[in-house]
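Observations on the model geometry
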Amino acid sequence: MIFINFKNGEFTSIDTDKRFTRIAFNAVVEPLSKRLGSDWLSAAQAELDGMGNLDLSELSRDDFTIVCRALEKSAKTNQEMSVLFDEIAPLLRADSRFQVA
């Protein structure tokens with residue numbers, strides 16, 4: 001599962017299997033680990049390995065923008081990510097942190 005936002009006591013999320021969640025994780029891990037460091041990477045990896053989740057709900061506006069761009073870039077070269085991006089893009093764009101480049 002990929003958690004996009006947490007608002008009014010509820011998550012906005014997309015229910016994916018662990019394989020698709022890992023594809024999304026692989027697309028964002030490099031830019032986010034550079035910004036957020038090894039602690040973030042360790043926690044995100046543990047959540048992915050344990051529960052199969054990627055939680056984007058606590059990212060800052062700038063970090064969320066980096067995620068959106070990384071996912072979009074990956075979708076251009078990875079067919080599986082392209083399918084996932086088609087599903088997740090409306091949720092990303094509906095988030096208040098979304099910024100148009």
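Quick note: structure is the one above.
As the structure is a computational prediction, the values presented were derived from the model and not from experiment.

As for the layout of surface pockets
Left-over empty space is what a probe sized like a water molecule reveals as it rolls over the atoms. The calculated volume of the largest pocket comes to roughly 190 Å³. Along its surface, the largest pocket is lined by L36, W40, A43, A44, E47, N53, L54, D55, E58 and L59. Of all the secondary structure elements, the ones that give two or more residues to the lining of the largest pocket are α1 (18-51) and β3 (54-55). Per-element tally for the lining of the largest pocket: the top contributor is α1, with 5 residues. Within the lining of the largest pocket, the residues separate by chemical class into 6 nonpolar, 1 polar and 3 charged. For the second largest pocket, the calculated volume is near 170 Å³. Along the wall of the second largest pocket there are 12 residues; nearest its centre are C68, R69, E72, F98 and Q99. For the lining of the second largest pocket, the secondary-structure elements that each account for two or more residues are α2 (61-77) and α3 (79-94).

Looking at the nonpolar core
Formed by 29 residues in total, the largest nonpolar core has its most connected members in I2, L71, F85 and L92. Only β1 (2-7), α1, α2 and α3 provide two or more residues apiece to this core. Looking at this core element by element, the count peaks at 11 residues for α1.

Description of the pairing of strand β2 (residues 10-14)
Of the pairings in the sheet, the one linking β1 to β2 comprises 5 bridges and is antiparallel in character. Bridged to F3 within β2 is S13. Hairpin geometry of β1 and β2 is characterised by an intervening segment of 2 residues between the two adjacent antiparallel strands and by a positive phi of about 55° at N8.

Quick look at the packing of α2 against α3
It is at 7 Å that the axes of α2 and α3 come closest, and there the two elements cross at 145°. Considering the relative orientation of α2 and α3, their crossing is left-handed. For the pair formed by α2 and α3, the contact residues are F64, C68, L71, E72, S74, A75 and T77 on the first element and Q79, M81, S82, F85 and L92 on the second. For the contact of α2 with α3, the residue count by class is 7 nonpolar, 4 polar and 1 charged.

Rules used in this analysis
Residues numbered from 1 in each chain as written. Predicted model: local features only at pLDDT ≥ 70, side-chain atom pairs only at ≥ 80, totals over all residues. Heavy atoms only, no water. 1 Å grid on protein atoms, 1.4 Å probe; cavity = no way out; pocket = protein on both sides within 12 Å on 5 of 7 lines; lining within 4 Å. Points joined across faces, edges and corners; volume = space filled by probe spheres on them. Helix = DSSP H or I, 4+ residues; strand = E, 2+ residues; numbered from the N terminus. Nonpolar A, V, L, I, M, F, W, Y, C, P; charged D, E, K, R; others polar. Core = buried A, V, L, I, M, F, W, Y, C linked by side-chain atoms within 4.5 Å. Buried < 20%, exposed > 50% of the residue type's maximum accessible area, 1.4 Å probe, protein only. Pairing = 2+ DSSP bridges. Axes fitted to C-alpha atoms, helices over the stretch in contact; angles between N-to-C directions. Left-handed = near helix turned anticlockwise from the far one by under 90°. Contact = heavy atoms within 4.5 Å.

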